[in-house]
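So you can see what is in the structure, the chains are spelled out below.
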Amino acid sequence: MTVNKLERLLNLTAVLLDTRRPLSAEELRQKVDGYPPPGAAFHRTFERDKDDLRVLGIPLRVERVPATDPPVDGYRIAAEDYYLPDPGLDPDELAALHLASLTVRLEGLGDQEALWKLGGLGGAEPSAVPGQGDPGVVKDVVASLPGDPGLVPIFQAISERRTIRFPYRDEAREVEPWRLDFHRGRWYLTGFDLAREGERNFRLDRIDGAVEPTDRKAETRPPPPPAGGPRRPWELGEEQPVTARLLVDAERVDAARRELGPDVVGDQQPDGSVIFTVPVVNHDAFRSFVLGFLHHAELLEPSAWRADIVRWLEALAVASGPVR
Amino acid sequence: MSRITAADRMRRVLAIVPWIVANPGEKVADVASRFGLTEEELLADLGVVYMVGLPPYSPDALVDVQIDDEGRVTIRLADFFSRPLRLTPGQGLALLASSDGLLSVPGTDADGALARALAKLAAALGVGDDDIDVHLGAAEGRMLDRLRHAAAAGTEIEMVYYSYGRDAHTTRVIAPWRVFADAGAWYVHGWCHRADGERIFRVDRIESITELDRPATVRPDDGEQTNGVFHPREGDPRVTLELDADASWVVDAYPCEDVTEPVDGVLTATLVVTAVPWLERLLVRLGPSARVVDAQGLADATLLAGRAAARMLERYRPAG
């Protein structure tokens, strides 16, 4: 049974790729071996085959068969939709892709078929990323990236340069998507928000519904990604930039430096503690960061934010009942 | 052999036929190994291809598969399958994300084959090289290298580790088994002599390491692959929190047991507490958005946040 179906699907695909004009279901039934006679059984089989082709990613076009009245649906596969543009990968590049797909996996999306399409796995065992000093170094790395339902439609819209719509913080947004970033365990979208007329960042896991492509062409060109690596939570926001000064005890300075990133200026004090000068556009995120140091850090400026921390802590001290 | 659907075989055939058309005369065994198949599987697939063609299915309109005496395979007249099917958006994204992620690993050659492959693939998919940006985690390249070398060599190291949960530094001797990235951070999994058990440590909280150049005394069980980083134990204390809507991220960020449906945006969740300072810090950060409603195996849970806040206030309101 499986072989018959495979043969039929292959023949159907061949006929649809070969034809210049859309073919009706009946024409396809006559041209492709293995279909039942006209009637309900044929229609069921044909519908299932169409679904199978779509699941396989075969771009089936549905167009009106010329000169039919009432109109009749016709089917064909356009070569430009079907064929993979040859990326021109050298063997060592293909092997490197294979290694990458084995060591870093994107949940729910990584599969072997992609590499088959690009020319197979290039041998049984990819030994190393060529050009790397020590072949053993990255071979055993295993990393997994979480999937997200928004990833594929956003990626598709980036490649097709279309805008997308999605609900975010109880508002419908329309965005020209520029870039997908994965950092600190989360996926982010950076793009141009049409209503707000500016660059915005969105957390994919906060997108509250489906990401829908539109027919509108994206007009803005993405600026180069920010230097200094991924952004921190307090760098993602829509507030006026504020410069904060944070004193961190000596024993937590290394950890703070890692969290704050290489671009943040630190002024070392005689006792080994450091005063960091941090640009912030998200007050809540920065407060949360500061509180995470417990009593090993102290927010010095701005004074309004310092007072806010004191109020925060006083409320907690009271809510938890008498202390001391 | 596992059951394989017509669609699965179709994927294979549509990829293999164009490759053979473009690379005539390769040995069946080599083609099979390139595509990760047994020779029998490949021959069965080619047997089906042999029956494919265009109407009227006369011999000259069928795909012509030939295998010579030396096992070299050639396919002709497969114009319609002369190029592979394009990548689906999901496949393209997965390859770019894997490649960019591996390139973010400190020590990977930024101009090597993988970087070139990424640029070519991005161009073929109609996106820029910078459009997908994956950072597996902050870690010092030298630290990762030294841990990986120790894991590969099966030797032990001594390290100074900052335990975020316990808010304390410790010196430990561990046998690193495996280094991996998960959810945006790098981890080393191995045997910890101080804890006398298997442990997982975050690489970015290792302050320093010293190679001990002595073989690890405890080896991982064969085939062991622990990728999760959190393994609650039966006897660990539990705390039940009432969380307002703006604190509901806790449910996504930490493994929870028993999460209730939100009522007016407020939900309750039970979390496993592996270390008290961790809970203290979480409660201080959540502030008014979270309340402790129940605790098991944990004395004074409702007082934790207040005590920590009082300690912190001393710093902001110096005596006098």
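Source: prediction; values computed, not measured. (Residues numbered from 1 in each chain as written. Chains lettered and ligands numbered in written order. Predicted model: local features only at pLDDT ≥ 70, side-chain atom pairs only at ≥ 80, totals over all residues. Heavy atoms only, no water.)

Description of the overall build of chain B
Then, number 1: Across its full length, chain B holds 9 helices and 13 strands.
Then, number 2: Here chain B has a C-alpha radius of gyration of 28 Å; the compact-globule value for 320 residues is 20 Å, and the former is much larger.
Then, number 3: Burial status across chain B gives 50% buried among its 320 residues.
Then, number 4: Accessible surface for chain B amounts to roughly 14400 Å². Of this, 49% is attributable to carbon and sulfur atoms. (Helix = DSSP H or I, 4+ residues; strand = E, 2+ residues; numbered from the N terminus. Rg over C-alpha atoms; globule rule 2.2 N^0.38 Å. Buried < 20%, exposed > 50% of the residue type's maximum accessible area, 1.4 Å probe, protein only. Areas by Shrake-Rupley, 256 points an atom, 1.4 Å probe, with all protein chains shown as cover.)

Digging into a negative patch on the surface
Then, number 1: A cluster of acidic side chains, namely Glu26(B), Asp30(B), Glu39(B) and Glu40(B), defines a negative patch on the protein surface.
Then, number 2: Here Glu26(B) shows up in strand E1 (residues 26–27). (Patch = residues over 30% accessible without salt bridge, like charges linked within 9 Å, V, L, I, M, F, W, Y side chains within 5 Å. Salt bridge = Lys/Arg side-chain N within 4 Å of Asp/Glu carboxyl O. Lys, Arg positive; Asp, Glu negative; His and termini not counted. Charge placed at Lys NZ, Arg CZ, Asp CG, Glu CD.)

Here we look at the pattern of salt bridges
Where side chains of opposite charge bring their charged atoms close, a pairing between them can arise.
Residue and element names in this part refer to chain A.
Then, number 1: According to the stated counting rule, one finds 45 salt bridges over all chains in the structure shown.
Then, number 2: Put simply, Glu63 and Arg61 hold a salt bridge, and the shortest N to O gap is 3.9 Å.
Then, number 3: When the shortest N-O distance is used, the salt bridge between Glu301 and Arg245 registers 3.3 Å. Of this pair, Glu301 sits in strand E14 (residues 297–301) while Arg245 is found in strand E11 (residues 242–248), placing the two residues 56 residues apart along the sequence.
Then, number 4: A cluster of three or more residues bridged by salt bridges with shared partners is formed by Arg61, Glu63, Arg76, Glu80 and Asp81.

A closer look at the interface of chain B and chain A
It is common to give the size of an interface as the accessible area that goes away when the parts come together.
Then, number 1: Facing 108 residues of chain B, the contacting portion of chain A comprises 117 residues.
Then, number 2: Of the roughly 10300 Å² buried where chain B meets chain A, counting both sides, 63% is carbon and sulfur surface.
Then, number 3: Contact with chain A buries surface across chain B, with Leu85(B), Arg315(B) and Tyr316(B) losing the most and accounting together for 8% of the total.
Then, number 4: On the surface where chain B and chain A come into contact, there are 8 salt bridges.
Then, number 5: Notably, a salt bridge pairs Glu298(A) with Arg315(B), separated by 3.1 Å at the nearest N-O pair.
Then, number 6: Our count for the contact surface shared by chain B and chain A stands at 30 residue pairs in polar contact (both at pLDDT 80 or more).
Then, number 7: If one sorts the elements of the side of chain B that touches chain A by residue count, helix H4 (residues 89–103) of chain B sits on top with 13 residues.
Then, number 8: The class makeup of the residues in the side of chain B that touches chain A is 57 nonpolar, 23 polar and 28 charged.
Then, number 9: The pairing of strand E5 (residues 142–145) of chain A with strand E6 (residues 168–182) of chain B spans 3 bridges and is classified as parallel. Its bridge partner lying in E6(B), Ala143(A) is registered against Ala181(B). (Contact = heavy atoms within 4.5 Å. Buried area = accessible area lost by both parts, 1.4 Å probe. Polar contact = N/O pair within 3.5 Å; in protein donor to acceptor, adjacent residues only side chain to side chain. Nonpolar A, V, L, I, M, F, W, Y, C, P; charged D, E, K, R; others polar. Pairing = 2+ DSSP bridges.)

Side note on the nonpolar core
Then, number 1: With 69 residues, the main nonpolar core has Leu180(A) and Trp187(A) as its most contacted residues.
Then, number 2: Top contributing element to this core by residue count: helix H5 (residues 113–125) of chain B, with 7 residues.
Then, number 3: Core analysis: the second largest hydrophobic core is formed by 54 residues, Ala256(A), Leu241(B), Leu271(B) and Ala308(B) among them. (Core = buried A, V, L, I, M, F, W, Y, C linked by side-chain atoms within 4.5 Å.)

Focus on the packing of helix H5 (residues 91–103) of chain A against H5(B)
Then, number 1: Their axes nearest at 8 Å, the elements H5(A) and H5(B) cross at an angle of 90 degrees. By the angle class used here, H5(A) and H5(B) are roughly perpendicular. Contacts between H5(A) and H5(B) involve Asp92(A), Glu93(A), Ala96(A), Leu97(A) and Ala100(A) from the first element and Ala113(B), Leu114(B), Arg116(B), Ala117(B), Lys120(B) and Leu121(B) from the second.
Then, number 2: Partitioned by chemical class, the residues of the contact of H5(A) with H5(B) number 7 nonpolar, no polar and 4 charged. (Axes fitted to C-alpha atoms, helices over the stretch in contact; angles between N-to-C directions. Parallel < 35°, antiparallel > 145°, perpendicular 65-115°, else oblique.)

Notes on unusual backbone geometry
Residues and elements named next belong to chain A.
Then, number 1: Of note, the bond from Asp69 into Pro70 is cis; its omega dihedral lies within 30 degrees of zero at 0 degrees.
Then, number 2: One can find Pro70 in the loop between strand E2 (61–64) and strand E3 (73–76).
Then, number 3: For the peptide bond that leads from Glu301 to Pro302, omega is -5 degrees, which places it in the cis range.
Then, number 4: Positionally, Pro302 belongs in the loop between E14 and helix H10 (303–319).

Brief notes about the pairing of strand E8 (residues 186–193) of chain A
All names here are of chain A.
Then, number 1: Buried residues dominate E8, accounting for 7 of its 8 residues.
Then, number 2: The sheet contact formed by strand E7 (residues 171–183) and E8 spans 8 bridges and is antiparallel. Across the sheet, the residue bridging to Phe182 is Trp187, located in E8.
Then, number 3: Between E7 and E8, which pair antiparallel one after the other, the connecting turn spans 2 residues, and Arg184 there sits at a positive phi close to 50 degrees.
Then, number 4: Bridge count for E8 against strand E9 (residues 198–203) is 6 bridges, and the pairing is antiparallel. Residue pairing for E9: Thr190 is matched across the bridge by Asn201.
Then, number 5: Taking the residues between adjacent antiparallel strands as the criterion, E8 and E9 are bridged by 4 residues, where Glu197 takes a positive phi near 50 degrees.

Quick notes on the sheet that holds E3(A)
Residues and elements named next belong to chain A.
Then, number 1: In spatial order, the strands read E1-E3-E2; together these 3 strands make up an open sheet with antiparallel pairing. Looking at the sheet topology across the chains shown, the edges are occupied by strand E1 (23–24) and E2.
Then, number 2: Bridge count between E2 and E3: 4 bridges; the pairing is antiparallel. What sits directly across from Arg61, in E3, is Arg76.

Quick notes on the packing of H5(A) against H4(B)
A pair of packed helices can be characterised by two numbers: the angle between their axes and the separation between those axes.
Then, number 1: At a minimum axis distance of 8 Å, the contact between H5(A) and H4(B) shows a crossing angle of 90 degrees. Classified by the interaxial angle, the pair formed by H5(A) and H4(B) is roughly perpendicular. Every residue of H4(B) that contacts H5(A) at Leu97(A), Leu99(A), Ala100(A), Ser101(A) and Thr103(A) is listed here: Leu95(B), Ser98(B), Ser99(B) and Leu102(B).
Then, number 2: Classifying every residue of the contact of H5(A) with H4(B) gives 5 nonpolar, 4 polar and no charged.

Section: the domain arrangement of chain B
Then, number 1: Here chain B is described as being made up of domain 1 (6–125), domain 2 (141–215) and domain 3 (238–314).
Then, number 2: For domain 1 of chain B and domain 2 of chain B, the distance between their C-alpha centroids amounts to 42 Å. (Domains from an automatic or database assignment.)

Some thoughts on the side chain of Arg172(B)
Residues and elements named next belong to chain B.
Then, number 1: One can find Arg172 in strand E6.
Then, number 2: One buried charged residue, Arg172, forms no salt bridge at all, with the nearest opposite charge on Glu158 at 11 Å.
Then, number 3: A polar side-chain atom of Arg172 sits 2.8 Å from a polar atom in the side chain of Thr170.
Then, number 4: Those residues in contact with Arg172 that sit more than four places away from it in its chain are Ile157, Glu158, Met159, Tyr161, Cys192, Arg194 and Phe201.

Section: the sheet that holds E11(A)
Then, number 1: The strand order across the open sheet built from 4 strands is E12-E13-E11-E14 (chain A), with neighbouring strands paired in antiparallel fashion. Lying at the two open borders of the sheet, with one neighbouring strand each, are strand E12 (265–268) and E14 of chain A. Geometrically, the sheet is characterised by an average inter-axis angle of 25 degrees between neighbouring strands, direction not taken into account.
Then, number 2: Summarising the sheet, E11(A) and strand E13 (residues 274–280) of chain A pair through 7 bridges and their orientation is antiparallel. Following the sheet pairing, Ala244(A) is matched in E13(A) by Val278(A).
Then, number 3: In the packing of helix H8 (residues 253–260) of chain A onto the sheet, the strands contacted are E11 and E13 of chain A, and the crossing angle to E13(A) comes to about 20 degrees.
Then, number 4: Sitting on the sheet, helix H9 (residues 304–316) of chain B touches E11 and E14 of chain A, and the angle it makes with E14(A) is about 45 degrees.

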